[in-house]
Amino acid sequence: MARPMWKGSVNFGLVNVPVRMYRAVSPRDIRFHQLHEKDKARIREKRVCEAEGVEVPYEEIIKGYEISKGVYVTITPEELKALAPKGTYAIDIEDFVPAGDIHPLFFDSHYHLVPETNAARAYALLSEALESAGRIGVGRVVLRTRQYTCAVRPNGPGLMLSTMNSVDEVISLEQIDGMPSHMPKVNARELATAEQLIESLSAPFEPDKYRDVYREQLEEVLRQKAGGAEIRRSPAAAPEYEAPANLMDALKKSLAAAKRTRDREEEASTPRRATRAAGTRRVRSQASARTARSRKK
């Protein structure tokens, strides 16, 4: 069973809702260790002084911030501790903002909030009120030794908390090199066809459909190698990308291909209906044949 990483309360106005916080996302990255090729022994990194070329014991290491090339300002653990925010065990909501006002880039890590005993009623009230109003609670919380801006929002019947990036951490599109300063005008026919293509490819979001294929394939290769199998892979050709010469023609072809794919999926998902329809046509054909023979007689 997962253990709560934090306990406290969600506070807004004079209302407080005691909650426990659990991680909502668990990264599944595959991490490799460095090994000595000859004997497969683990490689350990040492803390070596650049000036003396000798290993430095942990107790002689201090923290430093590089303010210019090779120039550092040092800071002591006591100074860091004095600056650390005081933990209040509270998520203090300062504003309720429209859900659509916050760009996804501002959201960082995500956590489930679970009500403490006897707090379910207040918890449900906050969740339903946020859902009904289409709002997100924005405030602050201290986790470990750092204060975060955070968002409290409805998540099905419950609540979730998302830590948020600060405004100076989010890179706007205008700051990216190569972004056109003026976008070209869109042709009305092209726009209408593109909208048709989007509609033909529209579907409900199914998380199971979008799996990390690379990680799953890598895990399978590692399992096979652990079992003694020799893996041989042919190198894949690098894909080539270029803008279509005729955008409208590319849209039409894409729309036709999407329709064919959708038709095949519908046929595959309703085999019984197709079988029943074929059976009905067969019965009608046989009945018509019998009727025709009777009339000849």
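Look up: the structure comes first, before these words.
Heads up: these notes are all about the structure in this document. Computed from a prediction, not measured in an experiment: that's the story for all the values here. (Residues numbered from 1 in each chain as written. Predicted model: local features only at pLDDT ≥ 70, side-chain atom pairs only at ≥ 80, totals over all residues. Heavy atoms only, no water.)

**Observations concerning a nonpolar patch on the surface**
1) Next: Together, Ile171, Leu173, Ile176, Met179 and Met183 make up an exposed nonpolar region whose accessible area comes to about 510 Å².
2) Next: Relative to the helices and strands, Ile171 resides in the loop between β9 (158-164) and α3 (188-200).
3) Next: The exposure class of Ile171 is exposed, given its relative accessible area of 54%. (Patch = residues over 30% accessible without salt bridge, like charges linked within 9 Å, V, L, I, M, F, W, Y side chains within 5 Å. Areas by Shrake-Rupley, 256 points an atom, 1.4 Å probe, with all protein chains shown as cover. Salt bridge = Lys/Arg side-chain N within 4 Å of Asp/Glu carboxyl O. Helix = DSSP H or I, 4+ residues; strand = E, 2+ residues; numbered from the N terminus. Buried < 20%, exposed > 50% of the residue type's maximum accessible area, 1.4 Å probe, protein only.)

**What about the nonpolar core?**
1) Next: Of all hydrophobic cores here, the largest spans 19 residues; its most connected members are Val10, Met21, Ile91, Leu113, Val152 and Leu161.
2) Next: At the level of secondary structure, the elements contributing two or more residues to this core comprise β1 (6-12), β2 (15-23), β5 (90-98), β6 (107-115), α2 (120-133), β7 (135-143), β8 (146-155) and β9.
3) Next: Excluding residues within four positions of it along the chain, Met21 makes contact with Pro4, Met5, Trp6, Ile91, Tyr111, His112, Leu113, Leu143 and Leu161. (Core = buried A, V, L, I, M, F, W, Y, C linked by side-chain atoms within 4.5 Å. Contact = heavy atoms within 4.5 Å.)

**Details of the pattern of salt bridges**
1) Next: In total, this model carries nine salt bridges according to the counting rule given.
2) Next: Between Arg211 and Glu216 there is a salt bridge, and its shortest N-O distance comes to 2.7 Å.
3) Next: One salt bridge connects Asp249 with Lys253, and the closest N-O pair in it is separated by 3.3 Å. Pair noted here: Asp249 and Lys253 are both in helix α5 (residues 247-269), with a separation of four residues, about one helical turn.

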